[in-house]
Amino acid sequence: MGSLVLSVLKNKSYKNKTTEVSSKHRSRKYFIMEGVTGIGQNSLTAGAFLAGFINLLNGSEQVNGMVAVAPAIVGLLQIFSSLIFERLESRKKTIISMAIVLRSLLSLVYFIPMLLIPLGYGLEAFILCYILAYSMNALISPALFNWLVDVTPISIRGQYLAYRDKISLGTTAILTIFLGKVLDYSKDAGNQMIGFAVVGGIIAILGLLNIYALMHIDEFKENYVIKKYNIKQVLTTPLKDTSFRKIILLFIIWNFSLQIGGPYIAIYMVTKLNLKYTYMMSLSVVATVVRVVVANKWGRIADKKSWFLSTECSIGILAVVHFTWGFVNVSNYTVFAPILHILSGIAWGGIGISMFNIQFLYAKKEGRTMYIGLNAAIGGIISGIAVWIGGRIIKLLENKELVILGMHINNMQITFFISGLLLLLCPLFVKVFIENKKLEQEAE
């Protein structure tokens, strides 16, 4: 009799485990759809689209740069994410409710300013709507990423994240090249607003599909450790963790290095090089295709070698890209711009999965959104400081040029040099203070 009961229990346990594996597999498929639509919305409100719309609203280069980095700056709000989600037994409904607000705001981010342009408040309305949207994105992101990690075993995480990126970016590439042509056509016709209205319509459709995907992802509540944190714990607990402190320092270096020059690359192409949207979108597609092609290779490197190696190599390549942008001008962009976009695609193929996952490797499971939220919040503050410094450099050196190797270098190009040099500190930090320390601990 005892053996029969034991057999029944084992069989029930096996069925439950099989059901959970199947549920997680199905949920990962919907997370791909969530990635396609979420990344699509973000891409259509960033880069050349963002720079072009702010330029259309007569925003300055400094305003353009600050708005471009606003999603990183409002990452400060991720501190409060753990105060909301760590105390909930079920997080799915709250995530979906907040996602509805986020996706609705992004769907209206071009339309609301258009309506207020006649009143003279188009730029202000856009900035407000944009900041509100990405503020909501900051609050929801740690819980959403944690949900994604819960349905993705560590053994396949690298390849899955690479595959998810590949599908998302491939779809986005098709959208951007098509909508780039729409913007060029409307600009040539003398009514660029119609082009941005079409872009806004596509963003709205993506928002609806994103909510649909979230509604079909299963939640695994047994992975949650329910605890009510106060603001003091949120601010101090991750900092007391010596291992995670290194990750915070890495992200400080990363965000400062990236944002001091990175946001101005798209602005540089729009305002200084005066490139057509179709050409810029074509370059973006080239970068995306390359990123898609190499994503699986980065994933295999991360899974089979180490996440440290993929992080070091990918950021090292991006450092070279940013530094080289300092030499790009009207006479040579036809050569340099495609090459740099290809290298950028290679770099981001690794960065996208490496910088995402390396923080989860060191964040404790209990209160994980607290760790990720504080890291993002500090990164947001550093990003704001960096882009402000970059803007000040551009302002101080306005109408001034340096001559390097016979080439005339303007104010924006100087920020690219600085960004590239600082980015080289990231792989050095990972190698010396994270990877080597971990190997030493394992040896002991």
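Undergrad: Would you take a moment to explain the nonpolar core for this structure?
TA: Counting 117 residues, the largest nonpolar core has Tyr 110, Phe 126, Trp 254 and Trp 325 as the members making the most contacts within it. It is helix H8 (residues 122-150) that provides the largest number of residues to this core, a total of 14 residues. Ignoring anything within four residues of it in the chain, the contact list for Tyr 110 reads Leu 44, Thr 45, Phe 49, Leu 50, Phe 53, Phe 126, Phe 196, Val 199, Gly 200 and Ile 203. Grouped together as the second largest cluster of nonpolar side chains are five residues, Phe 327, Ile 409, Ile 414 and Phe 417 included.

Undergrad: Please clarify how the packing of aromatic side chains should be interpreted in this entry.
TA: Two aromatic rings, taken as a pair, are described by how far apart their centres are and by the angle between their planes. Under the counting rule described, the total for this entry stands at 17 aromatic pairs. Taking 5.0 Å as the distance between ring centres and 50° as the angle between the ring planes, the aromatic pair formed by Phe 323 and Phe 417 counts as tilted. With a gap of 94 residues between them, Phe 323 in helix H15 (residues 307-325) and Phe 417 in helix H18 (residues 411-423) connect regions that are remote in the sequence. Judged by its relative accessible area of 30%, Phe 323 falls in the partly exposed class. In this structure Phe 417 comes out as buried when scored by relative accessible area, which is 9%.

Undergrad: So what exactly am I meant to see when it comes to the state of the cysteines here?
TA: In protein structure, a disulfide is the covalent linkage between the sulfur atoms of two cysteines. Under the defined criterion, the tally for this structure stands at zero disulfides. Free cysteine Cys 313: the closest other cysteine sulfur is in Cys 426, separated by 14 Å.

Undergrad: What is the right way to look at H8 in this model?
TA: Residues spaced three or four apart along an α-helix point in a common direction, a consequence of the helix completing one turn every 3.6 residues. Its 29 residues place the ends of H8 42 Å apart at the C-alpha level, agreeing with the 42 Å of an ideal helix rising 1.5 Å per residue. Ile 140 marks where H8 bends most, by close to 40°; the proline Pro 142 follows one to four residues later. With 23 of its 29 residues buried, H8 lies for the most part within the structure.

Undergrad: What is the right way to read unusual backbone geometry from this model?
TA: With glycine set apart, most residues show a phi of negative sign, and most peptide bonds adopt trans. The phi dihedral of Asn 274 falls on the positive side, at around 55°, and the residue is not glycine. A relative accessible area of 59% places Asn 274 in the exposed class. Of note, the phi angle at Asn 399 is positive, near 65°, even though the residue is not glycine. Along the polypeptide, Asn 399 turns up in the loop between helix H17 (368-396) and strand E1 (402-404). Accessibility expressed as a relative area gives 79% for Asn 399, which makes it exposed.

Conventions adopted
Residues numbered from 1 in each chain as written. Predicted model: local features only at pLDDT ≥ 70, side-chain atom pairs only at ≥ 80, totals over all residues. Heavy atoms only, no water. Core = buried A, V, L, I, M, F, W, Y, C linked by side-chain atoms within 4.5 Å. Buried < 20%, exposed > 50% of the residue type's maximum accessible area, 1.4 Å probe, protein only. Helix = DSSP H or I, 4+ residues; strand = E, 2+ residues; numbered from the N terminus. Contact = heavy atoms within 4.5 Å. Phe/Tyr/Trp six-rings, centres within 6.5 Å; stacked < 30°, edge-to-face > 60°. Disulfide = S-S within 2.5 Å. Expected span 1.5 Å × (residues − 1). Bend = angle between axes of the 7 residues up to and from the residue.

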